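Now for the letters of each chain:
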Amino acid sequence: MLFRSKRIGHFIPDDFNDYSDRFIQKMTFEDIGNEIKDIYDNCKSKLKLKRFQIDKDVVTEGGSIDTKYFRYNLYANQSKEDPSKYCIYRILEIRIGLDEMPDNIMEVFPYKFDEIVIPISGKIAFDELVDKFEDYQVTDGGELNENDKAGKIIYSSQDGFIIIINTKLQEFILQPPNVLSNTNLIEQTKTQLIKLFGS
């Protein structure tokens, strides 16, 4: 994930508001459009996809790329920690099995990700998942938070990964540490899944 924080410019807000988000979106519109175009070009050159196999979209609120392999979302908003700064968020949603991904898939993306999202198929048993995380916590020593009403399990591992399972949206979300490059992200995602659920 890239989480990039920058000063907003001549306009320096001192609180959180919708106007600031609109200002940031207007300010970053060209950069976001250029990045989406770069990824589109990489999809054609590196993944050998054709134009009709790639759906790209750039609007005021952000940009996206859709292929049979993934959906990539890119947007900018006011920083949640400092109203005078903004952050750019990059999220990769995987659409196929990790073992089916092209070997060079991460060469498509020029920046690091905020998170990788993998859809979960089939029925999810919240209690059983919590049991698995509790067992994992014994050996890993991380921090576990679970909320059955919200359908969320959040685990912060000792090696800097944050794992989120949203049973209502049926998603497995991995937020890697900032030191992890995109090149290693898929392999590390597989490793985290194996640690939790086995091979």
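Residues numbered from 1 in each chain as written. Predicted model: local features only at pLDDT ≥ 70, side-chain atom pairs only at ≥ 80, totals over all residues. Heavy atoms only, no water.

K.L.:
An account of a negative patch on the surface is requested, with residue identities and associated values reported.
P.N.:
Together, Asp127, Glu128, Asp131, Glu134, Asp135, Glu146 and Asp148 give the surface a local cluster of negative charge. A total of five residues in the negative patch trace back to one element, the largest contributor, which is helix α2 (residues 126–140). Topologically, glutamate 128 is positioned in helix α2. The exposure class of glutamate 128 is exposed, given its relative accessible area of 54%. (Patch = residues over 30% accessible without salt bridge, like charges linked within 9 Å, V, L, I, M, F, W, Y side chains within 5 Å. Areas by Shrake-Rupley, 256 points an atom, 1.4 Å probe, with all protein chains shown as cover. Salt bridge = Lys/Arg side-chain N within 4 Å of Asp/Glu carboxyl O. Lys, Arg positive; Asp, Glu negative; His and termini not counted. Charge placed at Lys NZ, Arg CZ, Asp CG, Glu CD. Helix = DSSP H or I, 4+ residues; strand = E, 2+ residues; numbered from the N terminus. Buried < 20%, exposed > 50% of the residue type's maximum accessible area, 1.4 Å probe, protein only.)

K.L.:
With reference to specific residues and values, describe the pairing of strand β5 (residues 85–94).
P.N.:
Where burial is concerned, most of β5 is hidden: eight out of the ten residues are buried. Summarising the sheet, strand β4 (residues 70–78) and β5 pair through nine bridges and their orientation is antiparallel. Following the sheet pairing, tyrosine 75 is matched in β5 by tyrosine 89. Bridge count for β5 against strand β6 (residues 115–119) is three bridges, and the pairing is parallel. (Pairing = 2+ DSSP bridges.)

K.L.:
Quick one: what's the story with the packing of aromatic side chains, residue by residue and with numbers?
P.N.:
With the rule as written, the count across this model stands at five aromatic pairs. With 5.3 Å between their ring centres and 25° between their planes, tyrosine 72 and phenylalanine 109 make a pair best called stacked. In this pair, tyrosine 72 sits in strand β4 while phenylalanine 109 sits in the loop between β5 and β6, placing the two residues 37 residues apart along the sequence. Each member of the pair, tyrosine 72 as well as phenylalanine 109, is classed as buried. For the ring pair tyrosine 136 and tyrosine 155, a centre distance of 5.4 Å and an interplane angle of 50° mean the geometry is tilted. Residue tyrosine 136 is located in helix α2, and its partner tyrosine 155 is located in strand β8 (residues 152–156); the two are separated by 19 residues in the primary sequence. Take tyrosine 136: its relative accessible area is 8%, and that puts it in the buried class. For tyrosine 155, a relative accessible area of 0% gives the class buried. Ring pairing ties together the aromatic residues Phe70, Tyr72 and Phe109, which thus form one cluster. (Phe/Tyr/Trp six-rings, centres within 6.5 Å; stacked < 30°, edge-to-face > 60°.)

K.L.:
Pulling in residues and values, what's your account of unusual backbone geometry?
P.N.:
Positive phi, close to 60°, is recorded for lysine 48, a residue that is not glycine. Structurally, lysine 48 can be placed in the loop between α1 (18–46) and β2 (55–59). For lysine 48, a relative accessible area of 64% puts it in the exposed group. The residue glutamine 170 is not glycine, and still its phi comes out positive at about 55°. Checked against the element boundaries, glutamine 170 lands in the loop between β9 (162–166) and β10 (171–175).

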